[in-house]
Number of protein chains: 2
Amino acid sequence: MKSLSSLEQLAEALRRLPGVGPKSALRMTYHLLQHDREGAEQIGKAMLNALNMVHNCQSCNTFTENEICDTCADTGRDLSLLCVVESPSDQLMIEQTMTFKGLYFVLMGRLSPLDGIGPQDIHLEKLIQRATDGAVKEVVLATNFNNEGEATAHYISETLKARGLNVSRLARGVPVGGELEYVDPGTIARAMLDRRVT
Amino acid sequence: MKSLSSLEQLAEALRRLPGVGPKSALRMTYHLLQHDREGAEQIGKAMLNALNMVHNCQSCNTFTENEICDTCADTGRDLSLLCVVESPSDQLMIEQTMTFKGLYFVLMGRLSPLDGIGPQDIHLEKLIQRATDGAVKEVVLATNFNNEGEATAHYISETLKARGLNVSRLARGVPVGGELEYVDPGTIARAMLDRRVT
Ligand SMILES: [Zn+2]
Ligand SMILES: [Zn+2]
């Protein structure tokens, strides 16, 4: 068997990127080597540098270059509230709403038994430790509202309630600005069941 | 202005890949740092290694790790025929047909004035030098049959014919297995004009 050339090794490596197949890996390789060597160097160096610098926050599990991330180190936060999200992007979305002043735990995934993603992959032990620090009074589950996110929320909820914690979930309902005619029946049904006294 | 974190620098760098926007660059970054650090290391190292090892063949302009690529170094080739292609992939396609035993010149692009891609970007001077080495008797233009490929073939043809070289172009016509009913009229028209005595 012929050993791979440096070019073939690069094309092979690029296939590890999510969503990149053999054809686009080769197209990327040709493009970088012929038309953007500066970009290639930038990618190669940034990749190895990030591997060296970035790890998971000891407290909330998000990415950080320190032991504790900036959010966890912020002394102005409400230590009694802990919001569980699937990803750093989800945390950012919630931060932008300015409606939550507690701290976070980032699962870095969601349960997906069919894909072999179990409780250890979403760092459940670390979450349990974090949530039972004595300061946390309420855990707000903000995983996605699709099948996997709901299953993840359910599993975490059962686990934490068994340890005596108060667990809540973001409300479901008609989106702000939503016209009933265009909202799916399942959402309307949920909004009806969860209706609030005004 | 806040300086970018190592993670942000990596996401920024990945946007240099063709077809990768900000959202997928961030998704790739999260995926690699959380779920495939081995893959990230593989990509980073392969990238820097390829930059170091791979350059353009002095003779045909394709990618190689030597001064002269394997094809150009092959003494069994017909030195009187030179086939001009846009990319290494196109060369590979022609090689697989086993219908051409001459040598190649790889433009690594095609003329595209609207994108600012001119004659120097397709290494026209290098092609002229290569084609006028005294051994080449015929230059076969095998650029693509789209607008840019046709314009590129036309430009090269005029340039090389002005230097007294014989220039040919791959034949256009009805594809093998093509049923006239499903072939576009332009292709049929061309096949009619280029009809051959049998
Ligand atoms: Zn943290
Ligand atoms: Zn060569």
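Residues numbered from 1 in each chain as written. Chains lettered and ligands numbered in written order. Predicted model: local features only at pLDDT ≥ 70, side-chain atom pairs only at ≥ 80, totals over all residues. Heavy atoms only, no water.

Trainee: Any chance you could explain the relation of the copies chain B and chain A here in plain terms?
Mentor: The relation between the two copies of this chain is a rotation about an axis and a shift parallel to it. Expressed as a screw transformation, the operator carrying chain B onto chain A has a rotation angle of 180° and an axial translation of 0.0 Å, and the superposed copies differ by an RMSD of 0.0 Å. The superposition operator between the copies reduces to a two-fold rotation axis. Ranked by how close their C-alpha atoms come to the rotation axis, the residues of chain B are headed by glycine 44 of chain B, at 2.1 Å. Looking at the interface residues of chain B, 100% of them are also at the interface in chain A, so both copies use one shared face. (Least-squares fit on C-alpha atoms with pLDDT ≥ 70 in both. Contact = heavy atoms within 4.5 Å.)

Trainee: Would you take a moment to explain the sheet that holds strand E6 (residues 166-169) of chain A for this structure?
Mentor: Across a sheet, strands are paired by hydrogen bonds formed along the backbone, either parallel or antiparallel in direction. Residue and element names in this part refer to chain A. Spatially, four strands are ordered E4-E3-E5-E6 in an open sheet, and the strand pairing comes out parallel. Of all strands in the sheet, those bounded by a partner on one side alone are strand E4 (103-106) and E6. Neighbour-to-neighbour, the strand axes of this sheet turn through a mean angle of 25°, independent of strand direction. Note that strand E3 (residues 81-85) and E4 share four bridges and pair parallel. Bridging from a neighbouring strand, valine 85 pairs with valine 106 of E4. Contacts between helix H5 (residues 88-97) and the sheet are confined to E3 and E4, with E4 contributing the most and set at about 155° to the helix. Its contacts with the sheet put helix H7 (residues 147-161) on E3, strand E5 (138-141) and E6, and the angle it makes with E6 is roughly 165°. (Pairing = 2+ DSSP bridges. Helix = DSSP H or I, 4+ residues; strand = E, 2+ residues; numbered from the N terminus. Axes fitted to C-alpha atoms, helices over the stretch in contact; angles between N-to-C directions.)

Trainee: Explain the coordination of the zinc ion (ligand 1) to me, please; I cannot follow it from the model alone.
Mentor: Reference geometry at the metal: tetrahedral coordination by four donors gives ideal angles of 109.5 degrees; octahedral coordination by six donors gives 90 or 180 degrees. Residues and elements named next belong to chain A. Looking at the zinc ion (ligand 1), one finds its protein donor set to be Cys57 (SG), Cys60 (SG), Cys69 (SG) and Cys72 (SG), positioned 2.3 Å from the metal centre. One can describe the donor arrangement at the zinc ion (ligand 1) as tetrahedral, given that its four donor atoms subtend angles of 104 to 119° at the metal. Here the donor residues for the zinc ion (ligand 1) map to a single chain with the spacing C-x2-C-x8-C-x2-C. Of this pair, cysteine 57 sits in the loop between strand E1 (55-56) and strand E2 (63-64) while cysteine 69 is found in the loop between E2 and helix H4 (70-73), placing the two residues 12 residues apart along the sequence. (Donors = N, O, S within 2.8 Å, 3.2 Å for Na, K, Ca; no water. Tetrahedral: all angles 85-135°; square planar, octahedral: opposite > 155°, others 65-115°.)

Trainee: What exactly am I supposed to notice about the coordination of the zinc ion (ligand 2) here?
Mentor: All names here are of chain B. Looking at the metal site, the zinc ion (ligand 2) is ligated by Cys57 (SG), Cys60 (SG), Cys69 (SG) and Cys72 (SG), spaced 2.3 Å from it. Every donor counted, the four donor atoms about the zinc ion (ligand 2) form angles of 104 to 118° at the centre, which fits tetrahedral coordination. Mapped onto the sequence, the donors of the zinc ion (ligand 2) take the spacing C-x2-C-x8-C-x2-C. Of this pair, cysteine 57 sits in the loop between strand E1 (55-56) and strand E2 (63-64) while cysteine 72 sits in helix H4 (residues 70-73), placing them 15 residues apart in sequence. Its relative accessible area of 16% is what places cysteine 72 among the buried residues. (Buried < 20%, exposed > 50% of the residue type's maximum accessible area, 1.4 Å probe, protein only.)

Trainee: Looking at this model, I keep getting lost on the packing of helix H1 (residues 6-14) of chain B against helix H2 (residues 22-35) of chain B. Mind explaining?
Mentor: Angle between the axes and distance between the axes are the two parameters that describe a pair of packed helices. Residue and element names in this part refer to chain B. Close contact between H1 and H2 brings their axes to 8 Å; oriented N to C, the two are set at 125°. In terms of orientation, H1 lies oblique with respect to H2. Crossing of H1 against H2: the hand is right-handed. Here Leu7, Leu10, Ala11 and Leu14 of H1 come into contact with H2, specifically with Ala25, Leu26, Met28, Thr29, Tyr30 and Leu33. A class-by-class count of the residues in the contact of H1 with H2 yields nine nonpolar, one polar and no charged. (Parallel < 35°, antiparallel > 145°, perpendicular 65-115°, else oblique. Left-handed = near helix turned anticlockwise from the far one by under 90°. Nonpolar A, V, L, I, M, F, W, Y, C, P; charged D, E, K, R; others polar.)

Trainee: For this particular structure, what's the right way to read the packing of aromatic side chains?
Mentor: Think of a pair of aromatic rings as described by two things: how far the centres are apart, and how the planes are tilted against each other in angle. The full count for this structure, using the stated rule, is four aromatic pairs over all chains. A centroid spacing of 5.7 Å and a plane angle of 20° characterise the contact between tyrosine 30 of chain A and phenylalanine 63 of chain B, whose relative ring orientation is stacked. With tyrosine 30 of chain A in helix H2 (residues 22-35) and phenylalanine 63 of chain B in strand E2, this residue pair bridges two chains. Side by side, tyrosine 30 of chain A and phenylalanine 63 of chain B carry an identical accessibility label, which is buried. Above the face of the phenylalanine 145 of chain A ring, arginine 169 of chain A is positioned so that its terminal group lies 4.0 Å from the ring centre. (Phe/Tyr/Trp six-rings, centres within 6.5 Å; stacked < 30°, edge-to-face > 60°. Lys NZ or Arg CZ within 6 Å of the ring centre and 35° of its normal.)

Trainee: Hey, could you run me through the interface of chain B and chain A in this one?
Mentor: Interface size, as often reported, equals the accessible area lost upon joining of the parts. With 47 residues of chain B at the interface, the matching set in chain A holds 47 residues. At the junction of chain B with chain A, the criterion picks out three salt bridges. Within the residue set of the side of chain B that touches chain A, elements represented by two or more residues are H1, H2, helix H3 (37-53), E1 and helix H5 (88-97) of chain B. In terms of residue count, H3 of chain B provides more of the side of chain B that touches chain A than any other element does, 16 residues in total. (Salt bridge = Lys/Arg side-chain N within 4 Å of Asp/Glu carboxyl O.)

Fair warning: the whole summary comes from geometry, so function is off the table for now.
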